[in-house]
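Per-entry structural report
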Amino acid sequence: MAVGLQLVGLVLGVLSWCLQSSSTSSHTWKMKSHVEAVTTSQWQFEGLWMSCAATALGSVQCSKFKTVLGLSAHIQTCRALMILSLLLGLVAIVVSILGLKCTKIGRTSEKVKEQVALSGGVLFLLSGVLTLTAISWYAARVIQDFYNPLYPGMRFELGTGLYLGWAAAGLAILGGSMLCCSTCGGTTTQALYLPRSSRGPSIYRAAPASDSSSAKAYV
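Residues numbered from 1 in each chain as written. Predicted model: local features only at pLDDT ≥ 70, side-chain atom pairs only at ≥ 80, totals over all residues. Heavy atoms only, no water.

As paired elements, strand β3 (residues 50-55) and strand β4 (residues 60-64) share five bridges and run antiparallel to each other. Residue pairing for β4: Ser51 is matched across the bridge by Ser63. (Pairing = 2+ DSSP bridges. Helix = DSSP H or I, 4+ residues; strand = E, 2+ residues; numbered from the N terminus.)

Rendered as structure tokens:
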């Protein structure tokens, strides 16, 4: 049971890291809203790294953000959070593989491998939380600007890159939780099926002799 949880948790973690990569490199974190537009022959969308414009004829033009200091604080923070989550996710994958019960590396004991697997699960959880924070913060800013009547700029809506990030965060948190639960289950099982010899010596005391038996001994 514990091996199955570890394998499923690792697979979910790998999928979450792939989705995190796709979300980080995506150019569609927000898309131009067509509520106020007369025609829908042009589309404009932005990501963390560049903004693009597309037409109905299929031509797409993208331009990178020329400056970092000139960007909004939430974009810079989301960049840092997504990069950090990718690094944590990569380390979590390596650590989780080393902590699997079905992998044999030297003479590593089961207790040490459980601690390694637990560390991998915690790293997956942290990676998912960082991704969720970045995605939710960016989405909140987009929604706030969209419903703000005093906002002078162009109005955008949520893009597919944000949905990829939410899916990645959910998979990372679920996979990390399964890895952590697998180690807890293994510890409980070992405690239940611990041999009697390892639980400490058993002390047997002779029952005191009754008065009737002692009286018969002197007859």
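To continue, consider the UniProt feature "transmembrane region" (unreviewed entry) in the protein. Those residues carrying the UniProt feature "transmembrane region" (unreviewed entry) are residues 80-100, 121-140 and 160-181 in this numbering. For residues 80-100, the end-to-end C-alpha separation is 30 Å, with 95% helix and 0% strand making up the annotated structure. Counted over residues 160-181, helix gives 100% and strand 0%. Its end C-alpha atoms are 32 Å apart. (UniProt positions renumbered as here; feature names shortened; annotations may be inferred.)

Turning our eyes to something else, we now look at the sheet that holds strand β5 (residues 156-158). A sheet is described by the order of its strands in space; here five strands give the open sequence β4-β3-β2-β1-β5, paired in antiparallel fashion. Taken across any chain shown, the strands that pair with only one partner, and hence form the sheet edges, are β4 and β5. Pairs of neighbouring strands in the sheet enclose a mean axial angle of 25°, with direction left out of account. Alignment of strand β1 (residues 30-32) against strand β2 (residues 42-46), held across two bridges, turns out to be antiparallel. Bridge pairing links Met31 to Phe45 in β2. Across the sheet, helix α3 (residues 110-147) lies against β1 and β5, angled at about 140° from β5, the strand it touches most. (Axes fitted to C-alpha atoms, helices over the stretch in contact; angles between N-to-C directions. Contact = heavy atoms within 4.5 Å.)

Attention now moves to the state of the cysteines. Under the defined criterion, the tally for this structure stands at one disulfide. The side chain of Cys52 participates in a disulfide bridge whose partner is Cys62; the two sulfur atoms lie 2.0 Å from each other. Its torsion about the S-S bond being 110°, the disulfide of Cys52 and Cys62 is classed as right-handed. Within this pair, whereas Cys52 is found in strand β3, its partner Cys62 is found in strand β4, the two being separated by 10 residues in sequence. Free of any disulfide, Cys180 has its nearest cysteine sulfur in Cys181, 6.9 Å distant. (Disulfide = S-S within 2.5 Å.)

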